Amino acid sequence: MAKYANPPQPPPLFTGTKDSIVADSKSLCDRTRSLLDSLVANVKPAENPAAATFESVVRPQTEDENESSLSARILGFYQYVSGDSALRDASTEAEKIMDEFSIECSMREDVFRLVDAVYNNSGLVTSFEKDKNRLIDAALAKAAGLDDVESARLLEKERKSYIRNGLGLPEGAQRDRFKEIKKRLSQIQIAFQKNLNEENNGLWFAKEDLDGVPQDVLDTLEKGTGDNEGKIRLSFKYPDLFPTLKFAKNPETRRKVFIENENKCNENAPLFREALLLRDEAARLLGYPDHASFRIEEKMAKTPKTVLDFLEDLKARLAAGGVKEIDHLLALKKKDHESRNLPFDGNYYLWDHRFYDRMMIEQEYSIDENAIAEYFPLKSTVAGMLRIFEELFGLVFVELTPEDRKRISSTGKAEDIAWHDDVIIFSVWDDSSEGGGFVGYLYLDLHPRPGKYGHAANFSLSPGFLKADGTRRYPATALVCNFSKPTAKKPSLLKHDEVVTLFHELGHGIHDLSGRTRFARYHGTSTVRDFVEAPSQMLENWCWTPSQLKSLSNHYESGNPIPDDLIEKLIATKHVNDGLFNLRQLHFGLFDMTVHTPKTHEELEKMDVSKLYNDLRVQISQIKGPEAQGEPSTWGNGQATFGHLIGGYDAGYYGYLSSQVYSADMFYSVFKSNPMDPTQGRRYRHTVLEKGGSQDEMLTLEQFLGRKPSSEAFYKELGLSS
């Protein structure tokens, strides 16, 4: 391993203090501001039109953006992971400063005039006049006099972004209002996410109320004192919440937990509503009929109609299957209630679903998810996943020991290159068949703690790009998850759905590490939102492939792999209640589209967002809520817990479903017959993952598939082919 001992680039440092984080964000903004001022002062297209070139105007900005991204992302990252609330607050403040500065830059008319002059001097104008929907490919870039597809794409998108940021509006009241809206939306996003991260509500239960919940979950819960003596506290963090909804035998416990979880962050409800109104106002100022039209124009779908047609078609195809699944589960519930002498009112409720879905799989497929989890201890499962990526993509992962960390840290201190003691770090390399070079750093932060981001996500910490001297800057990327902590008796064990989640998020990490773009803004996962999930969704198929499941498994006591009969049973459950799962995704997607496509602004002002969220869920999923027990439709504020729609997936949540069309097509066409084919794995790495957002994603797909994508595999996988 000596050849991997000294990476050519040290890992990033996490030595920020509450003062330095804010100061560094300000100095980044100052540096960029002075560069822009200098460009405006020195490049005068009005006097000499030929002076405005990609090299004189755009290149200095991309080099500044590349360098800034190395620290900017980390300054904003502390708020999600730091154990120190003062650092989290400083990081939130830094992000606010950088966001407001970004809005200021995006509305600088003097810089826009320079970029517009470069665009008009290039050959892009004439090409788009002939065909406004033309994809930028190598031939077009060359004809436009630009170095490559990525440079041409950057110039076209950069010019358009100024117009989308309000510079097409007349100076004065309208433009000022637009800028004001942008600033407020940025503040809302930061506050909304902070409320979710810092949320620390919970419920006290007597032990008997949690009958059925696995003992290893109960062992990790806070024990009560004083008024709560003899009780245990259940938080709404995933390792507490999901096992309770799946295993608690008392329906009243599940009902209480479900409803309280939907109301755990009600301070976000007015923020959500305000964001909807501001987005709609901003879109109308720019001449769009609604926010969805503004957002989707830049994505693969291009129009809200394409999205709504896809979602409505899927809803129609899934509806009958959903009813059938509910009937089956309701019969199971009736039998269970009769056997335990519980009252039965003939309804199947939202808080019933995880419980009876799990019971059905246990009883009808003889599967005990806790028994399966024993074969997937977190540590060995991660190692198994990394081996798959090594074999498939030609990578090598080297875990850094404390000595390694100390040796390669630029400060000489091991603790300076991680933000918490829990963090595992790997240096990542190409294997010899790929040239043996350095690839980047991968961080895993896998367990919950107070103040930490509550879901599972991949964060790009510092992107890769080509430096001004032509050498490559290597990326660093982090997986932030919330799997149960090990106990004195057992290591952290992953349920199969958690194995899928981990592999999915690692897929984003590998996408990030594989990026080979010129510019930081297109690196790795920086693609359009309705494509970004496709590479990770495709990799989920490996978690349903017998040979791969075996290679990932390793019983925490015996070390044995998972037996074939158990694998067979597990794979048989892949599509159990799939209709209801996809109807749940459709609820999120259609809610997102409904709130972002009002016919008029007045219609949106009158909209009761919580009522809509809950009514749509019952209508689409066909599972009853508290309304069936006489509660008003405003019983919960699920949208206030839904970070996606404030954090970048607005008018974009459909992407989770639409990108499955691409992921299924890629898997079935290329990998289904041999998921571990290293030739195809490397072709996928270099054709799809490496490109990031540096070219139109449809072009990337067509280059990999050798044709336009098709939805046939997606509908076939769901058993919905007509």
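Just so it is clear, the model here is predicted, and its values are computed rather than measured.

**Thoughts on the sheet that holds strand β5 (residues 424-430)**
Within a sheet, each strand pairs with its neighbour through backbone hydrogen bonds, oriented either parallel or antiparallel.
Reasoning step 1: Pairing is mixed in the open sheet, where five strands are placed in the order β4-β5-β6-β10-β7. Each edge of the sheet is formed by a strand with only one pairing partner; in this case those strands are β4 (395-399) and β7 (457-462). The average angle at which neighbouring strand axes cross in this sheet is 25 degrees, direction not considered.
Reasoning step 2: Relative to strand β10 (residues 476-480), strand β6 (residues 438-445) runs parallel, the two sharing five bridges. Residue pairing for β10: L444 is matched across the bridge by L479.
Reasoning step 3: Across the sheet, helix α2 (residues 54-81) lies against β6, β7 and β10, angled at about 140 degrees from β7, the strand it touches most.
Reasoning step 4: Packing of helix α19 (residues 496-514) onto the sheet brings it into contact with β4, β5, β6, β7 and β10, and relative to β10 it is tilted by some 170 degrees.

**Quick word on the UniProt feature "domain: Peptidase M3A/M3B catalytic" (unreviewed entry) in the chain**
Reasoning step 1: Under the feature "domain: Peptidase M3A/M3B catalytic" (unreviewed entry), the UniProt entry names residues 245-719.
Reasoning step 2: From the first C-alpha to the last, residues 245-719 spans 28 Å; its make-up is 51% helix and 7% strand.

**Points about the sheet that holds strand β2 (residues 222-223)**
Reasoning step 1: The sheet built from three strands is open, its strands ordered β1-β3-β2 with antiparallel pairing. The open sheet has two edge strands with one neighbour each: β1 (202-206) and β2.
Reasoning step 2: Here five bridges tie β1 to strand β3 (residues 231-235), and the two strands are oriented antiparallel to one another. If you follow L203 over to β3, its bridge partner there is L234.

**Considering helix α10 (residues 238-247)**
Reasoning step 1: Of all the ten residues making up α10, eight are buried; the element is thus mostly covered by neighbouring parts of the structure.
Reasoning step 2: Listing the buried residues of α10 in full gives P239, D240, L241, P243, T244, L245, K246 and F247.
Reasoning step 3: Summarising the contacts, the buried residues of α10 are in contact with α9 (215-218), β3, α11 (251-262), α15 (353-365), α16 (369-373) and α19.

**A few points about the state of the cysteines**
Reasoning step 1: For the coordinates displayed, the defined rule picks out zero disulfides.
Reasoning step 2: C543 provides the cysteine sulfur closest to C481, a residue in no disulfide bond, and the two sulfurs are 13 Å apart.
Reasoning step 3: For C543, a relative accessible area of 0% puts it in the buried group.

**Let's talk about the side chain of S151**
Reasoning step 1: Note on placement: S151 falls in helix α7 (residues 149-167).
Reasoning step 2: In terms of polar contacts, S151 uses its side chain to reach the side chain of D148, at 2.7 Å.
Reasoning step 3: What S151 contacts, discounting residues up to four positions off in sequence, is F54, R518 and F519.

**Brief notes about unusual backbone geometry**
Reasoning step 1: A positive phi angle, near 70 degrees, is found at K302, a position not held by glycine.
Reasoning step 2: Backbone geometry at S366 places phi at a positive 50 degrees, although glycine is not the residue there.

**So, the packing of helix α28 (residues 678-689) against helix α29 (residues 697-705)**
Reasoning step 1: Where α28 contacts α29, the two axes come as close as 9 Å, and the packing angle between them is 160 degrees. One element, α28, and the other, α29, form an angle in the roughly antiparallel class. As α28 packs across α29, the resulting crossing turns out to be right-handed. Between α28 and α29, the residues in contact are R683, Y684, T687 and V688 and T700, Q703 and F704, respectively.
Reasoning step 2: Residue classes in the contact of α28 with α29 are distributed as three nonpolar, three polar and one charged.

Definitions and limits used
- Residues numbered from 1 in each chain as written.
- Predicted model: local features only at pLDDT ≥ 70, side-chain atom pairs only at ≥ 80, totals over all residues.
- Heavy atoms only, no water.
- Pairing = 2+ DSSP bridges.
- Helix = DSSP H or I, 4+ residues; strand = E, 2+ residues; numbered from the N terminus.
- Axes fitted to C-alpha atoms, helices over the stretch in contact; angles between N-to-C directions.
- Contact = heavy atoms within 4.5 Å.
- UniProt positions renumbered as here; feature names shortened; annotations may be inferred.
- Buried < 20%, exposed > 50% of the residue type's maximum accessible area, 1.4 Å probe, protein only.
- Disulfide = S-S within 2.5 Å.
- Polar contact = N/O pair within 3.5 Å; in protein donor to acceptor, adjacent residues only side chain to side chain.
- Parallel < 35°, antiparallel > 145°, perpendicular 65-115°, else oblique.
- Left-handed = near helix turned anticlockwise from the far one by under 90°.
- Nonpolar A, V, L, I, M, F, W, Y, C, P; charged D, E, K, R; others polar.

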